[in-house]
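# Structural overview for review
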Amino acid sequence: MDKLLIRGGRRLNGEVRISGAKNAALPELCAALLSADTVTLTNIPRLQDVATMVTLIRNMGVTVEQGDDASVRLNAGGLSSPEAPYELVKTMRASVLALGPLLARFGEATVSLPGGCAIGSRPVDQHIKGLQSMGAEIVVEHGYMIAKLLKGRTRLKGARITTDMVTVTGTENFLMAATLAEGETILENAAQEPEIADLAEMLIRMGAKIEGHGTSRIRIQGVDKLHGCTHQVVADRIETGTFLCAVAATGGEVLLRHGRIEHIEAVVEKLREAGATVTAVDGGIHVRSQGRLKAQSFRTTEYPGFPTDMQAQFMALNAISEGASHVTETIFENRFMHVNEMVRLGAKIQIDGRQAILEGVEKLSGATVMATDLRASASLVIAGLVADGETRVDRIYHLDRGYDQMEAKLRGIGADIERVS
């Protein structure tokens, strides 16, 4: 099993290219199921979750050609099996995104319920309720969601869908399903993440009629069919934020090429308050940090608030910043699992329910730590970059699910980091 060895204490300087967003690439791969024509996606990140999704749709009978230039060509014209089996779904919860497109285009779908998630509950009941309101009959049997159109129907029917909570994958599922539904669909309380807006732009290129994406109210007018398109996956705002925190913690000056400051403004605002200089420049984001920063309290919430996917990384920065801070997690009930590992490195952190209370220390000390989930992995890497001595991060398969060659990118801007088996 691979591990990362990090020798801390080096400033980061240079330029790093931000990859395409995993949370845009996954629904956009599923969106290719909506058309019998060829869909080409560019700027696809090289990640384990992306590879799993490609395997999943290829297993359905989709023709997939992957290029050396981070592109993938998909053709679902010969799709023969509208089913997502447990053997593939169990490793990636985003596979539930196949449900809406399959049901919309083929009138049926069988998708395994995803397995458990380390960071907390992500129920699929909102997906089921929303698709049922569009004219689907969905039963859960033997661990599978078995969906088909109501008797007498040949297409899904437009509806007004208001979810009980803001759900990103739910919004994406309804958005894709509604493109081929009969009539108008209105999504209230829709998620507003840039990845959803990017998915909508791809669907529009395929011939969909969508308004309001990027806001809490999205309107979709169904069409008879969608055609192929070429679409570039938007840059990963969480990778952007992770590298911003890494530079802020270590000190240095780095250009994040393709990073988009407007997609991660809540994090940028906190970094500026801490003392880092973060500016939008032509083609990306420039970040500069010098000396010890000031700790910042924050509370995670839905976009455009502070993202839960950046909580652990910013906590690593707070751990070595000057002063005390409070971090409140409101999205997932079990997202402080990195705290015990940071304490092993010398951080002073106490947990009180959904709040972490930090007292910044001047230095961390290298040790062996264990990654528990994707973003926890990134936070431990940042902590290792500033710790004295050597830090070993075990179980980095979590990291490979969401970061495209992270250690190579860090090494390219001056980090002393290597992957070992």
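Residues numbered from 1 in each chain as written. Predicted model: local features only at pLDDT ≥ 70, side-chain atom pairs only at ≥ 80, totals over all residues. Heavy atoms only, no water.

## Some words on the sheet that holds strand β7 (residues 108-112)
Read from one edge to the other, the open sheet built from four strands follows the order β6-β7-β9-β8, with strand pairing classed as mixed. The outermost strands of the open sheet, each flanked by one partner alone, are β6 (83-84) and β8 (136-141). Strand direction decides the pairing type here: β8 and strand β9 (residues 144-149), joined by six bridges, are antiparallel. Each residue of the ladder has a partner; that of Glu137, found in β9, is Lys148. Along the sheet, helix α4 (residues 99-106) makes contact with β6, β7, β8 and β9, crossing β7 at roughly 160 degrees. (Pairing = 2+ DSSP bridges. Helix = DSSP H or I, 4+ residues; strand = E, 2+ residues; numbered from the N terminus. Contact = heavy atoms within 4.5 Å. Axes fitted to C-alpha atoms, helices over the stretch in contact; angles between N-to-C directions.)

## Focus: the packing of aromatic side chains
Working definition: an aromatic ring pair is given by the centre-to-centre distance plus the angle between the planes. Counted by the stated rule, this structure contains three aromatic pairs. Their ring planes at 70 degrees and their centres at 5.3 Å tell us that Phe298 and Phe314 sit as a pair that is edge-to-face. One end of the pair, Phe298, is in strand β18 (residues 298-299); the other, Phe314, is in helix α10 (residues 311-319), with 16 residues separating them in the sequence. Relative to Phe314, the ring of Phe306 lies with its centre 5.7 Å away and its plane at 80 degrees, an arrangement referred to as edge-to-face. (Phe/Tyr/Trp six-rings, centres within 6.5 Å; stacked < 30°, edge-to-face > 60°.)

## Observations regarding unusual backbone geometry
For the peptide bond that leads from Tyr303 to Pro304, omega is 15 degrees, which places it in the cis range. Summarising the element assignment, Pro304 is placed in the loop between β18 and α10. For Ala70, which is not a glycine, the phi torsion comes out positive at approximately 60 degrees. Along the chain, the position of Ala70 falls in the loop between β4 (63-66) and β5 (72-75). The backbone of Asn189 sits at a positive phi, close to 60 degrees, despite the residue not being glycine. Structurally, Asn189 is set in the loop between β11 (184-188) and α7 (194-205). A relative accessible area of 29% means that Asn189 is categorised as partly exposed. (Buried < 20%, exposed > 50% of the residue type's maximum accessible area, 1.4 Å probe, protein only.)

## Thoughts on the pattern of salt bridges
Evaluated as defined, the whole model comprises 27 salt bridges. One salt bridge connects Arg73 with Glu65, and the closest N-O pair in it is separated by 3.6 Å. A relative accessible area of 41% places Arg73 in the partly exposed class. A residue is classified by how much of its surface remains accessible, and Glu65, at 45% relative accessible area, is partly exposed. A salt bridge links Glu239 to Lys409; the nearest nitrogen and oxygen atoms lie 2.7 Å apart. Here Glu239, found in helix α8 (residues 237-250), pairs with Lys409, found in helix α14 (residues 406-412); they are 170 residues apart in sequence, far enough to count as distant. (Salt bridge = Lys/Arg side-chain N within 4 Å of Asp/Glu carboxyl O.)

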